[in-house]
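A structural walkthrough
Residues per chain, in single letters:
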Amino acid sequence: MIATGPTVSQWQLRAAFAVRLSEMYGREVPAYTTLVDVSREVNEDVLRARGAGAERFGSLARVTAERHGAIRVGTPRELGQVARVFGALGMHPVGFYDLREAAASAVPVVSTAFRPVDGEELARNPFRVFTSLLTPADPRFFDAELRARLETFLAARELFPPELLTLADRAAADRELPADDAERFLELAVRAFELSREPVDRAWYRTLERVSAVAADIGGVRSTHINHLTPRVLDIDELYRRMTDRGIEMIDTIQGPPAWQGPDVLLRQTSFRALAEPRPMRTEDGAVVSDALRVRFGEVEARGIALTRAGRALYDDLLDRIDTQASEHPTRARDAIARTVWERHMPGSEEELAARGLAYFTYRLADDRPRDGGRPPAGIGELVRQGWLRAEPVVYEDFLPRSAAGIFQSNLGAEGTRDDDRQGTVHDADWLSGALGRELLDPFALYEQQQNRSLAQVARTLGLTDPPRRLRTPGEPR
Ligand code: OOG
Ligand code: NI
């Protein structure tokens, strides 16, 4: 195709979409603007206090622009359309989260996250959207009659206008759009995620709400909306204090790993409940009245190193230990228990995480490496220790099912109901991939690729036949 005017590339579309969504959400949920302001202040203060080291997990420019959003849809068809819209922005479905299992209350959804996948694209703009799909077929939540009504209701609505989907397919195929098409695409895409002013059928909404507030939020209305937009912060404990000082009531925990002296791993998140927002509702006799719904909230996060499968198994095991100890000592603060568990079992340095194969790093040759003609030592660990290689942590770009369930739960008005005597319907990663109509990418494979590519590059430069490997530590199981 011959471009005749200025064009907008996929990453520019993605960055512009994130900015416009942020402007829209700020207009609709003013506390979000406070959150963004406080995050920016905290990030600047951290950079001032810690210097360049503060940018080890991403430049201030990336971190300041960084957002994730969350949306929820009702049917595989809708999910397939979401994949087309985000595909236009160079975002692909990564990971599978079953929140039906992760949450104690009724959260009848399975989820994935759309995000850029390669390092360069992530550095340009890492915008990601946690996307959940309702599971009306799961009899633990919905009986046959409610399921049928829900599916009929969902089949009749249209979340994305055909014009938007056509533009999205063009952007995905050409990896860019002409400037005026880009403008139209952005306008339609942002509009699709605004909160609708259309009156809500009150009886229907309340019927679903008795089963699950999440089901009502998804299937009780004829549109979708972004339900939170999350900035990234370099010191989430400090942010928590400053938000509380400003009188914004946060949930009572920071989800994920505890605050401690060692390396930050994975993801820490916290949130505040949004206020009830006025919404027009249609009553049974057809009158439209003003009511209120509490469906949107604010969240903030801090990101650390991506863990390997082994690292993740350790993380999950430590969470279990914390749970056990917390239930045995109900008077002890969970935070204190968590910190003690971490200090005892989590490696206290990036070097140790790397040596034990628990986290991902990219490696590059040091500019000031030994050049006296000596042969490089074997093994990544020695190469780093002897100054040949520099290791940089790979940032965790994904989500955590337990934290996500905690965020869902802390923002629900009511628990809803679930009948655990019934057998849940199998909705696994393969099923979700089928619903998406595209491959669901494995986050571990993506991180590993990033690490391996950097090692292959090192091998090429040093003229080695094989990329350097991690040598097993003594006593490590094979
Ligand atoms: C998504 C909740 C999950 C996160 O950051 O873990 C999430 C939702 O509320 O729809 O966004
Ligand atoms: Ni979130």
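Remember, predicted model here, so these are calculated numbers, not experimental data.

**Some thoughts on the sheet that holds strand β7 (residues 200-201)**
If you trace the three strands from one edge of the open sheet to the other, you get β7-β10-β11, paired in mixed fashion. The open sheet has two edge strands with one neighbour each: β7 and β11 (288-293). Pairing geometry for β7 and strand β10 (residues 277-282), over two bridges, is parallel. Each residue of the ladder has a partner; that of D201, found in β10, is R282.

**Some points on the pattern of salt bridges**
Throughout the structure, instances matching the rule amount to 49 salt bridges. With its nearest N and O atoms 2.4 Å apart, the salt bridge here joins E28 to R296. You can see E28 sitting in helix α1 (residues 10-28) and its partner R296 sitting in the loop between β11 and β12 (298-303), a full 268 residues away along the chain. Neither residue differs from the other here; E28 and R296 are each classed as buried.

**Regarding helix α13 (residues 309-328)**
Given a rise of 1.5 Å per residue, 20 residues ought to cover 28 Å, and the 29 Å separating the end C-alpha atoms of α13 matches this to within 8%. Among all positions in α13, only G311, R312, L314, Y315, L318, L319, I322 and A326 are buried. The buried residues of α13 occupy an angular sector of 155 degrees when projected down its axis, which confines them to one face. Away from its buried face, by an angle of more than 90 degrees, α13 presents the exposed residues R309, S327 and E328.

**Some thoughts on the coordination of the nickel ion (ligand 2)**
Every protein donor of the nickel ion (ligand 2) is accounted for by H68 (NE2), H228 (NE2) and E299 (OE), and the metal-donor separations fall at 2.1 Å. In the primary sequence, the donor residues of the nickel ion (ligand 2) line up as H-x159-H-x70-E. One end of the pair, H228, is in strand β8 (residues 228-231); the other, E299, is in strand β12, and 71 residues separate them in sequence. Here H228 and E299 have matching classes, each one buried.

**Describing the site of ligand 1**
The local shell around ligand 1 consists of H68, A70, R72, F130, N227, H228, Q269, F297, E299, F399, A404 and F408. Between an oxygen atom of ligand 1 and a side-chain N or O atom of E299, the distance comes to 2.9 Å. Protein contacts shield 100% of the accessible area of ligand 1, which totals 320 Å² for the unbound molecule. Within the residue set of the shell around ligand 1, elements represented by two or more residues are β2 (67-73) and α17 (401-410). Considering each element in turn, the shell around ligand 1 owes the most residues, three residues, to β2. Here the residues of the shell around ligand 1 are counted per class, giving six nonpolar, four polar and two charged.

**Quick word on the sheet that holds strand β4 (residues 109-115)**
Within the open sheet, the five strands sit side by side as β3-β4-β5-β2-β8. Their pairing is mixed. Across the chains shown, the open sheet's two edge strands, defined by having one partner strand only, are β3 (92-98) and β8. In this sheet, adjacent strand axes meet at a mean angle of 20 degrees when their direction is disregarded. As paired elements, β3 and β4 share five bridges and run antiparallel to each other. Bridge assignment links D98 to a residue of β4, and that residue is V110. Its contacts with the sheet place helix α4 (residues 76-88) against β2, β4 and β5 (128-134), and it is angled at close to 170 degrees to β5.

**A short note on the side chain of T230**
For T230, the position within the fold is in strand β8. With relative accessibility at 0%, the residue T230 sits in the buried group. Within polar-contact distance, the side chain of T230 engages the side chain of E299 at 2.5 Å. Excluding its chain neighbours within four sequence positions, the residues that come into contact with T230 are E66, R67, H68, E299, V300 and E301.

**So, the packing of helix α8 (residues 162-174) against helix α9 (residues 179-192)**
Axis separation between α8 and α9 bottoms out at 9 Å; the angle between their running directions is 125 degrees. Viewed along their axes, α8 and α9 adopt a mutual orientation that is oblique. Crossing of α8 against α9: the hand is left-handed. For the pair α8 and α9, the contacting residues are E163, L164, L167, A168 and R170 in the first and D181, R184, F185, L188, A189 and A192 in the second.

**A few points about the packing of aromatic side chains**
In this structure the tally under the stated criterion is 15 aromatic pairs. Between F160 and F193, the aromatic rings sit 5.8 Å apart at their centres with planes inclined by 65 degrees, giving edge-to-face as the arrangement. Note that F160 is positioned in the loop between α7 (144-155) and α8 and F193 in the loop between α9 and β7, a separation of 33 residues in sequence. Grouping residues by exposure puts F160 and F193 together as buried.

**Examining the nonpolar core**
Counting residues in hydrophobic clusters, the biggest one holds 46 residues, and the most contacted among them are F17, F86, F160, F185 and F193. Take this core: its biggest share by element is seven residues, from α9. Excluding its chain neighbours within four sequence positions, the residues that come into contact with F86 are F17, I71, M91, F114, V129, T131 and F193. By size, the runner-up hydrophobic cluster in this structure holds 39 residues, among which are L266, I380, L383 and L389.

**Focus on the pairing of β4**
Judged by how many residues are buried, β4 sits mostly within the fold: seven of seven residues are covered. Of the two faces of β4, the one carrying V109, S111, A113 and R115 and the one carrying V110, T112 and F114 are both buried. Bridge analysis of β4 against β5 gives six bridges, and the strand direction is antiparallel. Bridging from a neighbouring strand, S111 pairs with S132 of β5.

Basis of the calculations
Residues numbered from 1 in each chain as written. Chains lettered and ligands numbered in written order. Predicted model: local features only at pLDDT ≥ 70, side-chain atom pairs only at ≥ 80, totals over all residues. Heavy atoms only, no water. Pairing = 2+ DSSP bridges. Helix = DSSP H or I, 4+ residues; strand = E, 2+ residues; numbered from the N terminus. Salt bridge = Lys/Arg side-chain N within 4 Å of Asp/Glu carboxyl O. Buried < 20%, exposed > 50% of the residue type's maximum accessible area, 1.4 Å probe, protein only. Expected span 1.5 Å × (residues − 1). Arc of directions from axis to C-beta. Donors = N, O, S within 2.8 Å, 3.2 Å for Na, K, Ca; no water. Near = heavy atom within 4 Å. Polar contact = N/O pair within 3.5 Å; in protein donor to acceptor, adjacent residues only side chain to side chain. Areas by Shrake-Rupley, 256 points an atom, 1.4 Å probe, with all protein chains shown as cover. Nonpolar A, V, L, I, M, F, W, Y, C, P; charged D, E, K, R; others polar. Axes fitted to C-alpha atoms, helices over the stretch in contact; angles between N-to-C directions. Contact = heavy atoms within 4.5 Å. Parallel < 35°, antiparallel > 145°, perpendicular 65-115°, else oblique. Left-handed = near helix turned anticlockwise from the far one by under 90°. Phe/Tyr/Trp six-rings, centres within 6.5 Å; stacked < 30°, edge-to-face > 60°. Core = buried A, V, L, I, M, F, W, Y, C linked by side-chain atoms within 4.5 Å.

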